[in-house]
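A closer look at the structure
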Amino acid sequence: MAVRSTDVSRHVGPLSRPLPARLRARRHARRAPLRDTPSGKPMVAWYDPGVLAKTGLKSLLSETIGRQADRRLLDAVARPQPLAFDYSEDGDGKAREELWLDYVSDLGDGWDSTYAVASAVMAPTLDVRDATGQVHHTEGGDVLVFGGDEVYPTASVEEYQARTVVPYEDALNDRRHRPHLFAVPGNHDWYDGLVSFTRLFCQGRRSRGWQTRQQRSYFALKLPHGWWLLGTDMQLESDLDASQVEFFRKVAAQMGSDDRVILCNAEPAWIKQQVKPHAGRGFLDNNIDFLEQRILGKRVSVFLAGDLHHYRRHENTEGRQKIVAGGGGAFLHPTHLPRVDTRPDGFVLKECFPSQKTSRELTWRNLLFPAINPWFAAFMGFVYALLGWGVAANLNEGAVSAPPLREVLSAALQSTGSLLVAAGTLLGAIAFADDRRGKAWQKVSGGVHGAAHLVVALLLTWGVSSVAAPLASELQWSLRRDFLSGLLLFGGGALVGPLVVGVYLLLSLNVFSCHPNEAFSSLAIPDWKNFLRLHFDRDGELTVYPVGLRRVPRRWQHGHSPEEPVWVPDPRDHRATPPALIEPPVVIGRSKAPPLTLDTGQLAPALVTQDEQPPAGPV
């Protein structure tokens, strides 16, 4: 069943038009902020031991629950949803001539990055300049689609509120009418079993930033001129459940032969399968391929995905597009992985943001790993202290001169505690290593990484023992020498231990094309953000405007008028850059789709259940 948007029908013209000036001024005065600075959260510190432990535990629990009790199967029974939400007609039943739609993915991280994107998305109009200097006029979307991973590091009501809801509410600030929001869940949304996601996006809740309509974690939108947008839920297994496939099969049965589809998945399968193929996936594990190839076929003109936190567009000779736009607020991901630039299914890389050269240069920031990740540095200092403290204490006894390195190594091999910590360090490094080149590569690279830590720890212990030796005769109380040794080991380990990790990540990514996620999550770069603005025009063409923010503001001040959001960039932040087009607008025409065959589309009519019947009249 296709349900029309009742909110759209209450207003003349597009939903995104500004509110009346009197109403804006009244609401602005009533909601004038009292804080001097935004109270938003900083970027997630992924190498904070507390964050690592919490995220790892929730990931383990969610994967276990997801395998044993798939929430999507329960929602398919308990939460009926119409086949499509109809935005092809207005409330009077007249065909819409045009529609604006915004696509934002991988948001809900740090305040600066998420709010900077939200401010551009929620503006009534946005003029963006391309590389040639031409200015393109765009309008705020009547529909807003979140493409996956709406919050970081893990899903909870509190994190959604602080990192996602508040930034978009402050960015809208009654400057225009609230867009209708539809959300695709990503793996981070699934970390609490999709409970918080369902409460926020699947219960018709209305916030000051948006109005939700979907009842399940997947949906279909009927758009003007025969365009459709389908949002899937791939859960944690990167696949679709049978009920969802059947739902989209019924949706496809409602499409005309000339209709076109925009398919939104949480992950870009065309890249994931190149970087890290799914080994052992059998015939029961290919529902996403079945949906794309056997149900929708070449009706899919545009593939949209997030998960990779950058912009990347591939195009084939037929003009079909595969676009990654995961720049809604999360930390930046690298773009210089060579394997993803080959021709996946005949699609050629056309543009990426940032450039591969810039991405490679940004990787060198890992040499600042100790300064960027201070809590991880403290953790490594503790590990190094455990590795060498007992050895240093034994060498301090009766020391009259600096011990030779051979003596330090012998003492280390005789220390049971040091050997146990060394074994844990080596196993931990192997477990941390990237396995995309195979298990043998993981063991070798992880072993080299772990061995580097052990060698550096041994040299540090030797140096500390050399410093403590002259004090042996002066500090008669041995505990003072041992305390000094432990303090020096901790401080030295906090400096050199993370530096070893940074060098390992730098070499892994820039030389061996491994650890792209780990090498950039360590940097927590809030810049190079992006979102997509889609325009369905009067001629039935789709124009995609890829909007990028090279550097997001770091300083904010109150907006002074109803036409502004709650917070605006501080003009003293001269390095911040305005939104601009990453590349010229991508125009996609409506050519006739090839005939549906066994390999490219659905043949048999789908069964329609009672709650999914097409409407008998206007809703």
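Residues take numbers from 1 onward in each chain, read along the sequence in its written order. Local features in this predicted model are restricted to residues whose pLDDT is 70 or higher, and side-chain atom pairs enter the listing and the counts only when it is 80 or higher, whereas totals over whole chains, interfaces and linings include all residues. Calculated side-chain values reflect all of the structure's heavy atoms, with hydrogen atoms and water omitted.

1. Some points on the overall build of the protein chain
The helix count covers DSSP runs of H or I at least four residues long, the strand count covers runs of E at least two residues long, and both are numbered beginning at the N terminus. Within the protein chain, the regular secondary structure consists of 18 helices and 21 strands. Counting across all 619 residues of the protein chain, residues that qualify as buried make up 55%. A sequence separation of at least 24 residues applies to 78% of the contacts in the protein chain between residues at least 6 apart. Element-wise, carbon and sulfur atoms account for 59% of the exposed surface of the protein chain, whose accessible area totals about 26300 Å². Remark: exposure states derive from per-residue accessible area (1.4 Å probe, protein chains only) relative to the maximum for the residue type, with buried under 20%, exposed over 50%, and partly exposed in between. By the convention used here, residues are in contact when the closest approach between their heavy atoms is within 4.5 Å. To be clear on the numbers: accessible area is Shrake-Rupley with a 1.4 Å probe, and residue cover counts the displayed protein chains and nothing else.

2. Looking at the packing of aromatic side chains
Two rings from Phe, Tyr or Trp (for Trp, the six-membered ring) form a pair when their centres sit within 6.5 Å of each other. Planes less than 30 degrees apart are called stacked, planes more than 60 degrees apart edge-to-face, and all others tilted. Tallied over the entire structure, the rule returns 27 aromatic pairs. A ring pair is formed by Tyr218 and Phe247, whose centres lie 5.3 Å apart and whose planes are at 65°; its orientation type is edge-to-face. Residue Tyr218 is found in the loop between β8 (211-212) and β9 (219-222), and its partner Phe247 is found in helix α8 (residues 242-253); the two are separated by 29 residues along the sequence. Phe247 matches Tyr218 in its accessibility class, with the two residues each being buried. For the pair Phe353 and Trp528, a centre-to-centre distance of 5.2 Å together with 65° between the ring planes defines the contact as edge-to-face. Of the two residues, Phe353 is situated in strand β15 (residues 348-353) and Trp528 in the loop between α18 (516-521) and β16 (529-536); the sequence distance between them amounts to 175 residues.

3. Structural notes on the side chain of Thr363
On the secondary structure map, Thr363 appears in helix α11 (residues 356-363). Under the relative-accessibility criterion, Thr363 is labelled buried at 0%. Nitrogen and oxygen atoms within 3.5 Å of one another constitute a polar contact, given that in protein one can donate a hydrogen and the other can accept it, and given that sequence-neighbouring residues count only through two side-chain atoms. Engagement of the side chain of Thr363 in a polar contact is seen with the backbone oxygen of Ser359, the distance being 3.0 Å. If we ignore the near neighbours within four places in the chain, the residues touching Thr363 are His336, Leu506, Leu509, Asn510 and Phe520.

4. Regarding the nonpolar core
In terms of nonpolar packing, the biggest core is built from 67 residues, with Leu221, Leu223, Leu229, Ile262, Leu532, Phe536 and Leu542 touching the most fellow members. With seven residues, helix α13 (residues 374-396) is the largest single contributor of residues to this core. With residues up to four places along the chain from it excluded, the contact list for Leu229 reads Leu101, Val145, Phe219, Ala220, Leu221, Leu223, Ile262 and Cys264. Take the buried residues of types Ala, Val, Leu, Ile, Met, Phe, Trp, Tyr and Cys, join any two whose side-chain atoms come within 4.5 Å, and each joined set is a nonpolar core. Val165, Leu172, Leu549 and Trp556 belong to the second largest nonpolar core, which has 40 residues in total.

5. Structural notes on the confidence of the model for the protein chain
Confidence scores per residue from the predictor, reported as pLDDT, run from 0 to 100. Taken over all residues, the pLDDT of the protein chain has a mean of 83, while the share at 70 or more is 80%. For residues 4-14, every residue scores under 50 in pLDDT, and the model assigns this stretch 26 contacts once sequence neighbours within four places are set aside. Note that residues 613-619 has pLDDT below 50 and, in this model, twelve contacts with residues that lie over four places away or in other chains.

6. Quick word on the packing of helix α15 (residues 416-432) against helix α16 (residues 439-468)
Fitted lines through C-alpha atoms serve as axes, helices being fitted only where they are in contact, and the angles separating the N-to-C directions of these axes extend from 0 to 180 degrees. Where α15 contacts α16, the axes come no closer than 7 Å and their chain directions differ by 140°. It follows that α15 is oblique to α16 by the angle criterion. Regarding α15 and α16, the two cross each other, and that crossing is right-handed. Contacts between α15 and α16 involve Ala422, Thr425, Leu426, Ala429, Ile430, Ala431 and Phe432 from the former and Gln442, Lys443, Gly446, Gly447, His449, Gly450, Ala451, His453 and Leu454 from the latter. All residues other than Ala, Val, Leu, Ile, Met, Phe, Trp, Tyr, Cys, Pro, Asp, Glu, Lys and Arg, Gly among them, are scored as polar; the first ten of these are nonpolar and the last four charged. The class makeup of the residues in the contact of α15 with α16 is eight nonpolar, seven polar and one charged. An angle below 35 degrees is treated as roughly parallel, one above 145 as roughly antiparallel, one from 65 to 115 as roughly perpendicular, and anything else as oblique. Less than a right angle of anticlockwise turn of the near helix away from the far helix marks a crossing as left-handed, whereas a clockwise turn marks it as right-handed.

7. Concerning unusual backbone geometry
Look at the link from Tyr152 to Pro153: it is a cis peptide, with omega at 0°. The topology assignment puts Pro153 in the loop between β6 (143-146) and α6 (157-172). In this chain, Phe353 is followed by Pro354 through a cis amide linkage whose omega measures 5°. Here Pro354 is to be found in the loop between β15 and α11. The backbone phi angle of Leu194 is positive, close to 70°, even though this residue is not glycine. You can see Leu194 is positioned in the loop between β7 (180-183) and α7 (195-201). Taking relative accessible area as the criterion, Leu194 reaches 0% and is therefore assigned buried. With a phi close to 60°, His225 is a non-glycine residue in the positive phi region.

8. Looking at the packing of helix α5 (residues 111-122) against α6
Two elements in contact, α5 and α6, have axes whose closest approach is 8 Å; the angle formed by their N-to-C orientations is 40°. Classified by the angle between their axes, α5 and α6 sit oblique to one another. For α5 against α6, the interelement crossing comes out right-handed. From α5, Trp111, Thr114, Tyr115, Val117, Ala118, Ser119 and Met122 reach across to α6, where they touch Arg163, Val166, Pro167, Tyr168, Asp170, Ala171 and Leu172. For the contact of α5 with α6, the class distribution of residues is ten nonpolar, two polar and two charged.

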